[in-house]
Amino acid sequence: MAYEKDYDDTMLDIYKGSRAEDFRTPKAFLEFLHEEFLFNPYLDACASDFNYLAPTYYTKEDSCLEAEWEGPVFINPPYGRAIVPFLEKCNEQILKNPDTKRIMALLPARIDTKWFHDIVCKGATRIYLIKGRFNFSHKGANAPFCSMLVEYNQSGRYHDMPQILTLDVPKEYRGWTK
C-alpha cells in the first residue's frame, strides 16, 4: 500500500528502475497479520484516501515522514530509492517515540542492498522472508520480486541483529483469488 498512480498494461520492471514504486497491500494481508501476530494497526503511515488499512492514516500530502507516529503502525512504503527515508523513520520512531509500540513494514526482500544492512538490520526486531509473491491490488501489479515483513518492536531485540525467519502466507492473503 502506498500512493495511488495510474498504470498502463506495460510490464513492471522493478529491477531496472520501474516507474512503479507503490504497491497497494491486499486487505486480506492485514487479516493475516491479525490472525498470526495479533496485530491491528492504529496508523497506516503510507496510505491514500482510497487504500488505507487502519482507522488513522497519512497520505503523501500529510508528510508522514515529518509527523509523529503512534500506536501500532503499518507501512508499505514506496519502493525504489524512495524507501530509505521511510526505513529511517521506522528506526527513529521505535527508539524515540514511546507512543509507537510496534511497526510492521511490508517491503521488497532486497537483502543485498545497503538499506537492508545499514538501516533495517540496525533497527528491526524480526525479519520475515515471505514465501511466494504478492498480487498487489492494481492492474498489472503481480510482484516481480519477493517480499519481507519487517517488525519493529519497542520491547527490543535479544541480539545485536534481528531474528530472520521465514513466513508462509497463504495465497489468498497475498492477493490471489481462488
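Residues numbered from 1 in each chain as written. Predicted model: local features only at pLDDT ≥ 70, side-chain atom pairs only at ≥ 80, totals over all residues. Heavy atoms only, no water.

## Points about the packing of helix 2 (residues 83–96) against helix 3 (residues 114–123)
The line we're drawing: Simply put, an axis is a line fit to the C-alpha atoms, just over the touching stretch for a helix, and the angle between two N-to-C directions goes from 0 to 180 degrees. By the criteria applied, helices consist of DSSP H or I runs no shorter than four residues and strands consist of E runs no shorter than two, each listed in order from the N terminus. To sort the angles, those under 35 degrees are grouped as roughly parallel, those over 145 as roughly antiparallel, those from 65 to 115 as roughly perpendicular, and the leftovers as oblique. It is the rotation of the near helix from the far one that decides the hand of a crossing: anticlockwise by less than a right angle makes it left-handed, clockwise makes it right-handed. Contacts: residue pairs with any heavy atoms within 4.5 Å of one another. Put simply, Ala, Val, Leu, Ile, Met, Phe, Trp, Tyr, Cys and Pro go in the nonpolar bin, Asp, Glu, Lys and Arg in the charged bin, and everything else, Gly too, in the polar bin.
The contact between helix 2 and helix 3 brings their axes to 8 Å, and the two run at 20°. Relative to helix 3, helix 2 is oriented roughly parallel. Crossing hand, helix 2 versus helix 3: left-handed. Residues I83, V84, L87, E88 and N91 of helix 2 pack against W115, I119, V120 and G123 of helix 3. When its residues are assigned to classes, the contact of helix 2 with helix 3 shows six nonpolar, two polar and one charged.

## Some thoughts on the sheet that holds strand 4 (residues 102–108)
Note the threshold: Here, a strand pair is defined by DSSP locating no fewer than two bridges between the strands.
Within the open sheet, the seven strands sit side by side as 2-1-3-4-6-5-7. Their pairing is mixed. Each edge of the open sheet carries a strand with a single partner, namely strand 2 (56–57) and strand 7 (163–168). Both strand 1 (residues 43–44) and strand 2 contribute to a ladder of two bridges, which runs parallel. Bridge assignment links D44 to a residue of strand 2, and that residue is Y57.

## Thoughts on the packing of aromatic side chains
Which entries qualify depends on this criterion: Aromatic rings from Phe, Tyr and Trp, with only the six-membered ring used for Trp, were paired whenever their centres fell within 6.5 Å, and each pair was classed as stacked if the ring planes differed by under 30 degrees, edge-to-face if by over 60, and tilted otherwise. Buried, partly exposed and exposed residues are distinguished by accessible area as a fraction of the type maximum, computed with a 1.4 Å probe on protein chains only: under 20%, between the cut-offs, and over 50%, respectively. A ring is scored as having a charge over it whenever the NZ atom of a lysine or the CZ atom of an arginine sits within 6 Å of its centre and within 35 degrees of its normal.
Evaluation of the coordinates by the stated rule reveals six aromatic pairs. Ring geometry for F29 versus F32: centroids 6.2 Å apart, planes at 15°, classification stacked. Of this pair, F29 and F32 both sit in helix 1 (residues 27–37), three residues apart, which is roughly one turn of that helix. What makes F29 buried here is its relative accessible area of 0%. Its relative accessible area of 3% is what places F32 among the buried residues. By way of ring pairs, the aromatic residues F29, F32, F134 and Y173 are connected into one cluster. Over the aromatic face of F145 sits the side chain of R110, whose NZ or CZ is 5.3 Å from the ring centroid. Positioned above the aromatic ring of W176, the side-chain terminus of K171 is 5.5 Å from the ring centre.

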